[in-house]
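Understanding the architecture of this molecule
The chain contents come next:
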Amino acid sequence: MRNKPLPCGLSRRSLLLTVAASSLVAACGGSGGSSGGGGFSSSSSSSSSSSSSSSLSSSSSSSSSGPVLPDPATAPALKTHFAGNFKVGLVTDEWITGNASISALVIRHASSMTAENVLKADPIGLGGEGVYDFTRADILASFCATHGIALRGTPLVWHATSPAWFFAGDPADASYKATVRARLERYVTDVVTHYKGKIYAWDVVNEVISDDGSQTYRNSQWYQVLGKDFITYAFNAARAADPAAQLFINDYSTEDAGKLARLMSVVDDLIAGGVPIDGVGHQLHVNIGINPAAVEAALVATEARGLINHVTELDVSVYTGGGGQAELSGAPLAAALQTQALTYRALFNLFVAHPSIKVVTMWGTTDAHTWLDTFPVVRNDYPMLFDDSALPKSAFWAVVDPAFVP
């Protein structure tokens, strides 16, 4: 785990949504659960394996630590199972081409893929204005094209990955704002043009909503220089560069009522201004205490505005106590994994019930490839549908088989 890079958003305050365990029990039709929920920023990549205990993996399904799981060979492909509802996405970078087991898992299960890091302005734009390195992202795009996987791009504009050259110059200069705007529009135009016809949807702006209830917009450098109009500039440039690509505003903690209200006020402003927005991306970095009703409220709010929903970064942590909670093992971990399975079942049942959802993307691939092993602290988290060995977990079977008992 420790060789996995730390996420870019470590400085951001997490926002936890605390709910009663009974809400999850009622929604899932099962027992177990604890309070808490939340969202975090998203950035890590590694092809390494974590040191999770194999006694809790699907490969040891006969263990007393969990239910007996079906033969992995009988597992349906997620992309086929949900083909009538939405695309199923997984997240990797170009390293996948050198990892046979993860490549096989993605090819079998994913109808969509999101680039974890290689489509961010850092690293693409580190060379300076008009100087780009698409090498790694192009490898991933080629992999997707070869295997018939739709590629989703994120993010074009994010405060955490904006190289300093965007803001170079004297803010007191009368032409400074126009210069920064031109740089932004050129970057978005160039990147979207490069992948025109290869990327079906973009998170145009990422995490622009404040966590502070007293203000709507995150006080990023983009906002400080250009105000809220930087969002409009980015959307308009993206639409002009590829009219066929779907364009999204993406954020975390949309399951929090206050954050959702601020987000929707921004969405309303964009719609009123004729900005070409197609939908809202909901990260859904949640934990086993999440109340599915809070997630549904975010989906309904988007639908009410005639927009589509993308679940962009789903994972379900087994920890409800934030970074201060000790690493789980033994019986407590087994109980948490059972609750996790019920949580995933409730969420996917919710997703299926909302045709406005066009893709559900897991933020990672297996329990060995998750940013949560290093955020908010270093510990094994087990947040995915597949274990360290890329075998289906109890959570997977709960999602695809309503008769399965975790």
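Below or above, wherever it landed, is the structure these notes cover. (Residues numbered from 1 in each chain as written. Predicted model: local features only at pLDDT ≥ 70, side-chain atom pairs only at ≥ 80, totals over all residues. Heavy atoms only, no water.)

**Some remarks on the packing of aromatic side chains**
All chains considered together, the criterion is met by 18 aromatic pairs. On the numbers, 5.5 Å between centres and 85 degrees between planes, the contact of F166 with Y187 is edge-to-face. Here the residue F166 occupies a position in the loop between β6 (157–158) and α6 (176–194), and Y187 occupies one in helix α6, the gap between them amounting to 21 residues. Comparing F166 with Y187 shows no difference in burial state: the two are buried. (Phe/Tyr/Trp six-rings, centres within 6.5 Å; stacked < 30°, edge-to-face > 60°. Helix = DSSP H or I, 4+ residues; strand = E, 2+ residues; numbered from the N terminus. Buried < 20%, exposed > 50% of the residue type's maximum accessible area, 1.4 Å probe, protein only.)

**Observations regarding helix α9 (residues 257–272)**
For α9, which comprises 16 residues, the first-to-last C-alpha distance of 22 Å matches the rise-based estimate of 22 Å (1.5 Å per residue) to within 8%. By the burial criterion, the buried members of α9 are K259, L260, R262, L263, M264, V266, V267 and L270. For α9, the side-chain oxygen to backbone nitrogen distance between the N-cap and G258 is 3.2 Å, and the N-cap itself is D256. Once α9 ends, the next one or two residues include G274, with phi positive near 75 degrees. (Expected span 1.5 Å × (residues − 1). Polar contact = N/O pair within 3.5 Å; in protein donor to acceptor, adjacent residues only side chain to side chain.)

**Comments concerning the pairing of strand β9 (residues 279–282)**
What you see with β9 is no split at all: G279 and G281 on one side and V280 and H282 on the other are buried throughout. Pairing of strand β8 (residues 246–251) with β9 involves four bridges; the strand directions are parallel. For I249, the partnering residue across the bridge sits in β9 and is V280. Where the polypeptide runs from β8 across α9 and back to β9, its parallel neighbour, the crossover connection is right-handed. (Pairing = 2+ DSSP bridges. Right-handed = clockwise from strand over helix to strand, strands pointing away.)

**As for the nonpolar core**
Among the nonpolar cores identified, the biggest contains 109 residues, and W202, L314 and F351 are the most heavily contacted of them. The biggest single contributor to this core is helix α11 (residues 330–352), with nine residues. Apart from residues lying up to four places away in sequence, L314 is in contact with Q283, L284, Y344, L347, F348, F351, V360, T361, M362 and W363. (Core = buried A, V, L, I, M, F, W, Y, C linked by side-chain atoms within 4.5 Å. Contact = heavy atoms within 4.5 Å.)

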